[in-house]
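Chains, contacts and geometry: an overview
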Amino acid sequence: MANPVIEALGLRKSFHGRPALDGLDLHVSAGSIFGFLGRNGAGKTTTIKLLMGLLKSDSGSVRIFGQPIDTSRKAIEIRRRIGFVTEDKELYPYMTVEQLVRFTRPFFPTWRDDLERRYRQMFDLPPHRKIPDLSKGMRSKLMLLLAISHGAELLILDEPTDGLDPVAIEEILRELVALAAQEGATIFFSSHQLAEVEQIADRVTIIDRGRPIVDGLLDDLKARYQRLHIVLQEELRDPVQWLDGAVHIRQEGRTVSILASRNATALMEQALSLPGSRVELCPVTLKEIFLAHVRGN
Amino acid sequence: MLLRLNPSSGIPLYLQLIEQVKHAIEMGALRPGEQLPAIRKIAEDLVMNPNTVARAYRELEQAGIVEIKHGTGAFVSQSATGPTKILRRAQAVAQTAIERLASLGLTEEEIRRLVENELALLRVAKVKEPAHG
C-alpha cells in the first residue's frame, strides 16, 4: 500500500489479564475515509487510545506517517498533524467555548482561521458558555471544530456524531467528505451508526472481542456478500453441507436463508441442485454483515 | 443533476453512481462533450466518499462513456449516444419478454423478482474472488 498514514501490526493489549485487543492490523492509506466498527467493549476505544499514544501496546507496532508513536521528538511533531475526537468528548471544564478555541490555537502553527470561522458559524456554538454546560452534541461539534481547525492531515475520531441530531450528522458527514476531497485529509473514525459509515467510508474493519473479523473495501464487501433466500418443496431431511462462504445459515421449515461472505455463485448452484428449490439472491447491507459476524458467535 | 444514492441498498455505491451517469446521458441531462461535475463537487453534493466517485469515473472512462482530460475534468464522450440505438433494440427485447411473462400469468412483482435475480447473478459473476478468501 502506497502512503500508509496509519500502519498497525499485530496489536495486542490486555488489562488485568483480560485481552482487550488480540492481534489487530490496520492499514489506512492517505485520503481514505476508514470506518472502524465493533460492539461496545470490542476494543475500538482501546485501539484509538493506542493510535493516540495514550496507551502502549503489549506487543505489535503502530506507525503514523511512517513514524512510531512514542515519546520521541518526532512523535510529538507527528501529533501536531493529527486531530482527535475522543469518546467522552472531554475538554477543559473551566473554560468557555471562546476561551478554549483561543487557548488551543497557538499550539498549532498550521491553524486554519478560514476553517475555524466556517465551523464556528456552521456549528453555532454559544461562545461564552462553559464547557460542562454544553450538551453532548455540542461538545462533539466543538471537539471536531478544534480537531479540524488546526489543519490536521489525519483525523482520528471516536464516535464523532454521538449525541447529534440527523441534520447535524449530515452536516458533519458532508464536512468530513469535503475535508477528504479538498484538503486530502485522511479520516479514521469509529461509529455505531452503520448507515453513516456506509455512506462515506471507502474501507471498513469490524472488530469483535479484540480481533478483526471483517476487513476490506466497502464496495468489494457489498459485491461479495449476498443473501440467498431458498424455498424448498419439502423440508430437508438430511442437513446440507453448504460450501465455503456461508457465514450464517437459518432454516425454518421449508425456507433456508444463507448469508454468504463470498462464493455466492457456487452456493447458488448448490442451492439450485436441491430438489424443487427456488432461489433468490438479495444484496446485503452493512448492518446485516455486522450482525451476522458479531452476534452470538 | 444526480439523485441521492442509497448507501443501504446493498448495491455498491460506485455502481449506483455509474448507473446514474449513464441514465443522465440517456435522458439527455448530460450531452456528448459536456463536462461532468468535478469529483469533489459530486462527493460533497451527494455526501459520499471522493474515492468512490473517482472509481465510478474511472470505470466510466474504461467503458468509453466518459473521457478524462487531465487537469480539466471528465467529459461525456462523443460516442456516448451510441447506446440509444442499442437502447431502442433493448427496449423491444424487454417489451417482448415482459409481455410473454405476463401472458404466463406472472404478476409485476414476480417479473421484477425474476429480473433482479438474473441481474444479481450477473453481478456476482463479475466479482473477483479475493486471493485469501
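Residues numbered from 1 in each chain as written. Chains lettered and ligands numbered in written order. Predicted model: local features only at pLDDT ≥ 70, side-chain atom pairs only at ≥ 80, totals over all residues. Heavy atoms only, no water.

Quick word on the interface of chain B and chain A
Between chain B and chain A, the residue contacts involve 31 residues of the former and 34 residues of the latter. Considering only the side of chain B, the residues that lose the most area to chain A are Glu44(B), Val47(B) and Val124(B), jointly responsible for 20% of the buried surface there. Summed over the shared surface of chain B and chain A, the result is three salt bridges. Salt-bridge contacts for Asp220(A) lead to Arg55(B); the nearest nitrogen and oxygen are separated by 3.8 Å. Seen at the junction of chain B and chain A, the total is 10 residue pairs in polar contact (both at pLDDT 80 or more). Put simply, the parts of the chain that give the side of chain B that touches chain A at least two residues each are α1 (13-27), α2 (39-46), α3 (50-62) and α5 (108-126) of chain B. Residue composition of the side of chain B that touches chain A, grouped by class: 16 nonpolar, eight polar and seven charged. (Contact = heavy atoms within 4.5 Å. Buried area = accessible area lost by both parts, 1.4 Å probe. Salt bridge = Lys/Arg side-chain N within 4 Å of Asp/Glu carboxyl O. Polar contact = N/O pair within 3.5 Å; in protein donor to acceptor, adjacent residues only side chain to side chain. Helix = DSSP H or I, 4+ residues; strand = E, 2+ residues; numbered from the N terminus. Nonpolar A, V, L, I, M, F, W, Y, C, P; charged D, E, K, R; others polar.)

Topic: the pairing of strand β7 (residues 154-158) of chain A
All names here are of chain A. Of all five residues in β7, five are buried; the element is thus mostly enclosed. Burial along β7 is two-sided: Leu154, Ile156 and Asp158 facing one way and Leu155 and Leu157 facing the other are all buried. For strand β6 (residues 82-85) and β7, the ladder comprises four bridges, and the chain directions are parallel. Among the inter-strand pairings, Ile82 is bridged to a residue of β7, identified as Leu154. Where β7 and strand β8 (residues 186-190) come together, five bridges link them in parallel fashion. Looking across to β8, one finds that Asp158 is bridged to Ser190. Traced from β7 through helix α6 (residues 166-183) to β8, the parallel crossover comes out right-handed. (Buried < 20%, exposed > 50% of the residue type's maximum accessible area, 1.4 Å probe, protein only. Pairing = 2+ DSSP bridges. Right-handed = clockwise from strand over helix to strand, strands pointing away.)

Quick look at the packing of α1(B) against α3(B)
Residue and element names in this part refer to chain B. The interhelical angle for the contact between α1 and α3, taken along N-to-C directions, is 55°, at an axis separation of 9 Å. One way to sum up the angle between α1 and α3 is to call them oblique. Note on packing geometry: the crossing formed by α1 with α3 is right-handed. Judged by residue contacts, Leu13, Tyr14, Leu17, Ile18, Val21 and Lys22 of α1 engage Thr52, Val53, Arg55, Ala56, Glu59 and Leu60 from α3. Residue composition of the contact of α1 with α3, grouped by class: eight nonpolar, one polar and three charged. (Axes fitted to C-alpha atoms, helices over the stretch in contact; angles between N-to-C directions. Parallel < 35°, antiparallel > 145°, perpendicular 65-115°, else oblique. Left-handed = near helix turned anticlockwise from the far one by under 90°.)

Some words on unusual backbone geometry
Notably, Asp124(A) is not glycine yet its phi reads approximately 55°, a positive angle. Checked against the element boundaries, Asp124(A) lands in the loop between α4 (113-123) and α5 (136-149). Residue classification places Asp124(A) among the exposed positions, given a relative accessible area of 62%. You will see that Val47(B), though not glycine, has its phi angle at about 50°, which is positive.

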